[in-house]
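# Topology and contacts: notes
Each chain, letter by letter, is given below.
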Amino acid sequence: MLPPSILPADSRPVIAFHGVTKKFPGVVALSGVTFDVRQGEFYSICGENGAGKSTLMKILSGVITDYDGSLTVRGEEVRFRGTRDAEAAGISIIHQELNLVEQLSAAANIFLGRELRGRLGFRDDAAMQREAAHWFAQLECDVDPRCPVHRLRVGDQQLVEIAKALSLRSDILIMDEPTSALTESEVARLFRVIDRLRTAGVTILYISHKMDEVFRLSDRILVLRDGQVVNVERREETTPSRVTHQMVGREIETVAREVDSHPPGAPVLEVRNLSLRRRGHARRWRLEQVSFTLRRGEILGIAGLMGAGRTELLECLFGASEEPPAGEIWLDGRRVHFAHPSEAKQAGIALVTEDRKRLGLFAHMSVKENMTLCHLPQAMPLGFIQGRKEQALAAELTTQLGVKTASTAAPITSLSGGNQQKCIIGRWLLTSPQVLLLDDPTRGIDVGAKAELYRLIDDLCRDGLAILLTSSELPELLTVCDRILVLSEGRLTAEFSRAEATEERILEAAMR
Amino acid sequence: MSEFLRKFRNEVGLLGAILLVLSVTAIFSDAYHDAFTLRLTARAIARDAALVGIFALGAAVVIISGGIDLSSGSVIALSGTLFFGFIVLLAPDDLSTRWPSDSARHFPDTANLAFWIPAAAFVLTMFAAFLVGSFHAWLITVLRLPPFVATLASLVGLRSLARLLVQDITDVRFGQRQSTITIADETLTSISQHNWWVPCLVWLVVGVGLWILLSRTVLGRHIYAMGGNEEAARLSGIRTDRLKWLAYCISSMTAGLAGILYACYIGTTSPSTDGMGYELNAIAAAVVGGCSLTGGVGTVGGVVLGTIFLRSVIDSVAKLFKSQPDLFEGLVVGMLVVFAVAFNELRGAGTKKAFFPGLLGWVSVVVVSGLLGIIAAVTISEDKLRTGLMVGGAALVMLTLKAVLERVQARRAAVR
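Residues numbered from 1 in each chain as written. Chains lettered and ligands numbered in written order. Predicted model: local features only at pLDDT ≥ 70, side-chain atom pairs only at ≥ 80, totals over all residues. Heavy atoms only, no water.

### So, the domain arrangement of chain A
As far as domains go, chain A holds domain 1 (13-90 + 171-250), domain 2 (99-169), domain 3 (266-348 + 435-444 + 472-512) and domain 4 (349-432). The centre of domain 1 of chain A, based on its C-alpha atoms, is set 35 Å off from the matching centre of domain 4 of chain A. (Domains from an automatic or database assignment.)

The following block contains the structure:
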């Protein structure tokens, strides 16, 4: 059940935007945005990628200083000249990409730039650690203040950011898609923390396009589309589908996959007792005795919390793991050992990686070059690139996948996230694989583009491709997959058919 | 046409800069005014540019692939030593200079070399360069040394190795330890000394070869991909380790080629000084030519033009101020690297860019005007002190004005 809104009716606005407009060359990012947020409110801001959410928050946090219109904080009109001004006004932002120095300890990160000093002006590490521990205790979590941030899990890193904001005595907290890298249990903990903050009177601006989170705690929900405020409503007065509808401005087609319309074919990939060792760690296995079968024309989902071994499993199948796994992998009835991704590629396996920017895209290259990269050695037998042939390959693929781009020679970075992802999937389709491994393919992609990707994945499996898909969003697995395997700490704990699977059952198995 | 300009913006810009430098020199210096000296100058620039350009291309391949090769200067010294060393070892005894009383002393006849001797020495030297590149690749891909460290070790180590080898080779062949080897063969030493076109031809061949490799082949595409995003390249099924092997071998073999040509040019190999600091000239040429040290960006055309640009500016300074070019070379290269890279970085920034913000800005105003004053003083032949003070003072006034204006603008923008 949703908790009732706890907003006192008479609290006065703590933040007020009035007619805020921001133009970038060629784009109006915000036009005439007017709204106010009251003291202690949990205020959600929803919108598709590019709707102007981030621009709005950059203005509020002093990153963007050059805009039209006015911003009022606690009744006074302000114009921040930088993030320090915003911090001084008690506004902190927790960015989607965490801004932490990985090599430094949690305490050092919290006090970065305003280190506590002891006698003689030397740094007082002990005092900073004490204070950090105090804030972590406030947040009911046991993060070691001395632990280097890169050794913390993403969820804990986020808590470091929140502790930092608290130690700045911020009473206005902006959270920009804070859950994009969190597991379900970490999300639950984050919301417990948020709930405590709210009862302490902290105002929270929450940016997200995940409806279940927005509807958990919000007092009011603002929907932005194309830089304009579409609607502001109290949570009780609206519904998730209504908000989604307002965000997109059109009905989202839910991919209605007809179950059993395409019975799966012969087994393509068989995994028997696959194990992957972990060096120098209390938990000895990243993957332990994993066995399953993947059939032609089947979409097999892999669920699991962060660190459960989803990515590691796909890497093992693709020959990309740091050390060779134990156990057997059978492809098309033959036992295979892949020492390098190129061998897996040769054998007909394709991997679309999880972190698109870091592991997938070639940012300096064009759409065309990004698409043809994997296929070039086969397409150009003499090793020379024939421009016309390459162009034809790319042009055909863009039409086939419906990639929206000005031309195939345009830089890949000019495309939206969804279109970039289509290009990367296309890159692998050109190699005509038998097995497609998709590692969280819709991460960071907006709602409309997700639906298109689901349709694409569905088409591919109808064409007889065997697809292994992981996702950090359970509803996604439930809509797309024929079967779902659940990993927990490297072990396979459950397998559900499409009919059996529910979010609760999967979660229960993932934490087993 | 506009598509062409956008794609080759860097190359067109460099070409314009080269023409500008040459025409300024032509106007203010009499060196270009008669046909004879013009021809000599053109040849000198072409030869010097070619000698640097050959291994600058190799360095650029490594930079594009996302690495760095600091060893080229020492590979030049080593390969010159090996080339002449192999020749001395292979050359037959010179009967006319045989020591009469001591039959153990033979002197090699290096004045009338049979063709096979330099040819064999060439092949052996290039093979040694290939081994050096392979060694780098092993250090980097198997032992996981950062490229900077691996090639830094070679930079220091190989020069020392070359000096030791010269000692031993001369001991074996001449009976006494020397620190240089000199070859007397006319044909060999005339390469690149009189026949200025030989290095140019080699440069052309290497350039065309690498241009085809980088822009027309799948391997080249893979090199750019690896330089742009190494992990993504590996996960796309590209054998990145093999590509690195190729890149470092290309770099060391072009340096080897240049080392052989330098040795022929001078006629003597002296590993303690040969190619000293040249690795930085090569990297500078690549950077001025548009390569990015973060990898994945750069073209053969850009590097060739970058090299020519650097050499023509060095030559122009020598002509205009009638001084020894090598005295000015470092200063010129350093300034051009700063200008070229800053120019590329600032192209998108527009006019609003503040150059002297904060306390560092004020210190930089003093540093830059001081530098300008000193440069003016050392380039002018008479009245050095007064010129330096005047130029430095004028610069100080102007830059201070600029810094003040920037602050006024910033304040106004903040108030608005």
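### Concerning the interface of chain A and chain B
Contacts between the two partners involve 33 residues from chain A, matched on the other side by 25 residues from chain B. Buried surface at the junction of chain A and chain B, summed over both partners, amounts to about 2,300 Å²; 60% is from carbon and sulfur atoms. Scanning the region where chain A abuts chain B turns up 3 salt bridges. Where chain A touches chain B, the interface holds 8 residue pairs in polar contact (both at pLDDT 80 or more). At the level of secondary structure, the elements contributing two or more residues to the side of chain A that touches chain B comprise helix H10 (341-347), helix H11 (356-360), helix H12 (367-372), helix H13 (376-379) and helix H15 (417-429) of chain A. Across the side of chain A that touches chain B, the residue classes tally to 16 nonpolar, 7 polar and 10 charged. (Contact = heavy atoms within 4.5 Å. Buried area = accessible area lost by both parts, 1.4 Å probe. Salt bridge = Lys/Arg side-chain N within 4 Å of Asp/Glu carboxyl O. Polar contact = N/O pair within 3.5 Å; in protein donor to acceptor, adjacent residues only side chain to side chain. Helix = DSSP H or I, 4+ residues; strand = E, 2+ residues; numbered from the N terminus. Nonpolar A, V, L, I, M, F, W, Y, C, P; charged D, E, K, R; others polar.)

### Side note on the side chain of Thr110 of chain B
All names here are of chain B. Within the fold, Thr110 resides in the loop between helix H4 (72-90) and helix H5 (116-142). Overall, the relative accessible area of 9% leaves Thr110 in the buried class. A distance of 3.3 Å separates a polar atom in the side chain of Thr110 from the backbone nitrogen of Ala184. If we ignore the near neighbours within four places in the chain, the residues touching Thr110 are Val88, Thr182, Ile183, Ala184 and Asp185. (Buried < 20%, exposed > 50% of the residue type's maximum accessible area, 1.4 Å probe, protein only.)

### Section: the nonpolar core
If you look at the biggest cluster of nonpolar residues, it comprises 96 residues, and the most contacted ones within it are Phe55, Phe83, Phe84, Ile87, Leu188, Leu210 and Phe309 of chain B. A total of 14 residues in this core trace back to one element, the largest contributor, which is helix H3 (residues 35-64) of chain B. When near neighbours in sequence (up to four residues on either side) are disregarded, Phe55 of chain B contacts Ser72, Ile76, Thr254, Ala255, Ala258, Tyr262, Tyr278 and Ala282 of chain B. Core analysis: the second largest hydrophobic core is formed by 85 residues, Phe318, Ile349, Met371 and Leu376 of chain A among them. (Core = buried A, V, L, I, M, F, W, Y, C linked by side-chain atoms within 4.5 Å.)

### Points about the sheet that holds strand S8 (residues 203-207) of chain A
Residues and elements named next belong to chain A. Taken in spatial order, the 6 strands line up as S6-S7-S8-S3-S9-S10 in an open sheet, and their pairing is mixed. Every other strand in the sheet has two partners, leaving strand S6 (91-94) and strand S10 (228-234) as the edge strands with one partner each. The sheet shows a mean angle of 20° between the axes of neighbouring strands, taken without regard to direction. One ladder, built from 5 bridges, connects strand S7 (residues 172-176) with S8; its direction is parallel. Bridge pairing links Asp176 to Ile207 in S8. The sheet strands contacting helix H6 (residues 184-199) are strand S3 (42-46), S7 and S8, and the helix crosses S8 at an angle near 145°. (Pairing = 2+ DSSP bridges. Axes fitted to C-alpha atoms, helices over the stretch in contact; angles between N-to-C directions.)

### With respect to the pattern of salt bridges
Residues and elements named next belong to chain A. What the rule picks out here adds up to 33 salt bridges over all chains. Of the charged contacts, one joins Arg74 and Asp171 as a salt bridge, the two residues approaching to 2.6 Å between their closest N and O atoms. A residue pair is termed long-range when its members are at least 10 positions apart, and Arg74 in the loop between strand S4 (68-73) and strand S5 (76-78) and Asp171 in the loop between helix H5 (154-167) and S7 qualify at 97 residues. The network of salt bridges with shared partners includes Asp36, Glu41 and Arg220.

### Notes on the sheet that holds strand S15 (residues 334-335) of chain A
All names here are of chain A. Pairing is antiparallel in the open sheet, where 4 strands are placed in the order S12-S11-S14-S15. What marks the edges here is a single partner per strand, and that holds for strand S12 (285-295) and S15. Bridge count between strand S11 (residues 267-277) and strand S14 (residues 326-331): 5 bridges; the pairing is antiparallel. Bridge assignment links Ser275 to a residue of S14, and that residue is Ala326. Sheet contacts for helix H9 (residues 310-317): S11, S12 and S14; angle to S12, the most-contacted strand, approximately 65°.

### Observations regarding the packing of H4 of chain B against H5 of chain B
All names here are of chain B. Two elements in contact, H4 and H5, have axes whose closest approach is 8 Å; the angle formed by their N-to-C orientations is 145°. Crossing of H4 over H5 shows right-handed handedness. Between H4, through Val75, Leu78, Ser79, Leu82, Phe83, Phe86, Ile87 and Leu90, and H5, the contact on the second element is made entirely by Trp116, Ile117, Pro118, Ala120, Ala121, Phe122, Leu124, Thr125, Ala128 and Val132. A per-class count over the contact of H4 with H5 returns 16 nonpolar, 2 polar and no charged. (Left-handed = near helix turned anticlockwise from the far one by under 90°.)

### Topic: the pairing of S6 of chain A
All names here are of chain A. By the alternation rule, side chains of S6 split into Ile91 and Ile93 and Ser92 and Ile94, which are all buried. Taken together, the 4 bridges between S6 and S7 define a ladder with parallel strand orientation. Following the sheet pairing, Ile94 is matched in S7 by Met175.

### Points about the packing of helix H8 (residues 197-216) of chain B against helix H11 (residues 240-266) of chain B
All names here are of chain B. The contact between H8 and H11 brings their axes to 11 Å, and the two run at 170°. Considering the angle they form, H8 stands roughly antiparallel to H11. Along its contact with H8, which presents Val198, Pro199, Val202, Val206, Leu210 and Leu213, the element H11 presents Ile250, Thr254, Leu257 and Leu261. Residue composition of the contact of H8 with H11, grouped by class: 9 nonpolar, 1 polar and no charged. (Parallel < 35°, antiparallel > 145°, perpendicular 65-115°, else oblique.)

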